[in-house]
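Reading the structure
Here are the chains, one letter per residue:
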Amino acid sequence: MPTEIERKFLFDHEKWAAVAKPAGKDYKQGYILSEEKRTVRIRVTGDAAFLTLKGPSAGITRSEYEYQIPVAEGAEILASFAVSGIQKTRYNVEVAGHTWEVDVFAGENNGLIVAEIELQHEDETFEKPDWIGREVSTDTRYTNAALSVYPYNTWK
């Protein structure tokens, strides 16, 4: 079974401004199903689209199946079937042999920046850059699915 092992961190906004960034990719993603134990997501970028199914989390590990689909079909599915969604720009930043996916959210989640790192196993060691803030890996409010329903800018 394919799995995703991911740690998620908040970001120091001031330090982000100083990071040498590669070009970012704009993402639009919507949720067809978003429950505690499973999600079905559609994601569209400028040149690709993906259908992703995720299972329940056990710590920072969960099952994940992802399939590339034609962009036009992804856009149609996003428009016709998604019940909630988010927009963000993703930057892939290489640090000491790992890729950090830095998501700068837009829309109702504007102001939120989250950095994620995917690992081979839960106890894998990695270098934490100085722009990384507090870990939120197990705080479900920071999942993209949750942000699509309870946006960051509505939190009290």
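Residues numbered from 1 in each chain as written. Predicted model: local features only at pLDDT ≥ 70, side-chain atom pairs only at ≥ 80, totals over all residues. Heavy atoms only, no water.

Details of the pattern of salt bridges
The condition is simple: What counts as a salt bridge is simple: a side-chain nitrogen of Lys or Arg found within 4 Å of a carboxyl oxygen of Asp or Glu. Only DSSP runs of H or I covering at least 4 residues are called helices, and only runs of E covering at least 2 are called strands; the numbering of each starts at the N terminus. Burial classes follow relative accessibility: with a 1.4 Å probe on protein chains only, a residue under 20% of its type's maximum area counts as buried, one over 50% as exposed, and anything between as partly exposed.
As enumerated under the stated definition, the model contains twelve salt bridges in all. As a salt-bridge pair, K88 and D103 come within 3.0 Å of each other at their nearest N and O atoms. Here K88, found in strand β6 (residues 84-95), pairs with D103, found in strand β7 (residues 98-105); they are 15 residues apart in sequence, far enough to count as distant. Judged by its relative accessible area of 2%, K88 falls in the buried class. Sharing partners across several salt bridges, the network here consists of K8, K88, R90, E101, D103 and E116.

Some details on the environment of V149
On the secondary structure map, V149 appears in helix α3 (residues 144-149). Remark: the alpha-carbon pair of V149 and S84, spanning 65 residues in sequence, is separated by 6.2 Å.

Some words on the nonpolar core
Note the threshold: In this description, a nonpolar core means a group of buried Ala, Val, Leu, Ile, Met, Phe, Trp, Tyr and Cys residues linked to one another through side-chain atoms lying within 4.5 Å. Any two residues whose heavy atoms approach within 4.5 Å are treated as being in contact.
Membership of the largest hydrophobic core comes to 18 residues, with the highest contact counts inside it found for F11, W16, V93, W100, V102, A115 and W131. Breaking this core down by element, the ones donating at least two residues are β1 (3-11), β6, β7 and β8 (113-118). Among residues more than four places away in sequence, those in contact with V102 are F11, W16, T89, R90, Y91, V93, I113, V114, A115 and W131. Core analysis: the next-biggest nonpolar cluster, separate from the first, contains eight residues, L10, F105, L112 and Y142 among them.

Some remarks on the packing of aromatic side chains
Under the convention used in this document: Two rings belonging to Phe, Tyr or Trp (six-membered ring only in the last case) form a pair when the distance between their centres is within 6.5 Å. Interplanar angles under 30 degrees mark stacking, angles over 60 mark edge-to-face geometry, and anything in between is tilted. Only when the NZ atom of a Lys or the CZ atom of an Arg is both within 6 Å of the ring centre and within 35 degrees of the ring normal do we say a charge sits over the ring.
Overall, the coordinates contain nine aromatic pairs when judged by the stated rule. For the pair F9 and F126, a centre-to-centre distance of 6.3 Å together with 70° between the ring planes defines the contact as edge-to-face. On the criterion of sequence distance, the pair formed by F9 in strand β1 and F126 in the loop between β8 and β9 (132-135) is long-range, its members being 117 residues apart. The residues F9 and F126 share a single accessibility class, namely buried. Taken together, the aromatic side chains of F9, F11, W16, Y91, W100, F126 and W131 make up a single cluster linked through ring pairs. Just above the ring of W16 sits the side chain of K21; from NZ or CZ to the centre is 4.6 Å. Taking the ring centre of W155 as reference, the NZ or CZ of R141 above it sits at 4.6 Å.

As for the layout of surface pockets
Let me state the cut-off plainly: Using only the protein atoms, space was sampled on a 1 Å grid; points where a 1.4 Å probe fits but cannot get out form cavities, open sets with protein on both sides within 12 Å along at least five of seven lines form pockets, and lining residues are those with an atom within 4 Å of a point. Grid points are joined across faces, edges and corners, and a volume is the space filled by probe spheres set on the points. Nonpolar residues are Ala, Val, Leu, Ile, Met, Phe, Trp, Tyr, Cys and Pro. Charged residues are Asp, Glu, Lys and Arg, and all others, Gly as well, are polar.
The space that makes up the largest pocket amounts to roughly 850 Å³. Contributing to the lining of the largest pocket are 38 residues, with E4, K54, S57, R62 and T143 lying nearest its centre. At the level of secondary structure, the elements contributing two or more residues to the lining of the largest pocket comprise β1, β2 (25-34), β3 (39-44), β4 (49-58), β5 (61-69), β6, β8 and α3. For the lining of the largest pocket, the element with the highest residue contribution is β4, accounting for five residues. When grouped by side-chain class, the residues that make up the lining of the largest pocket number nine nonpolar, eleven polar and 18 charged.

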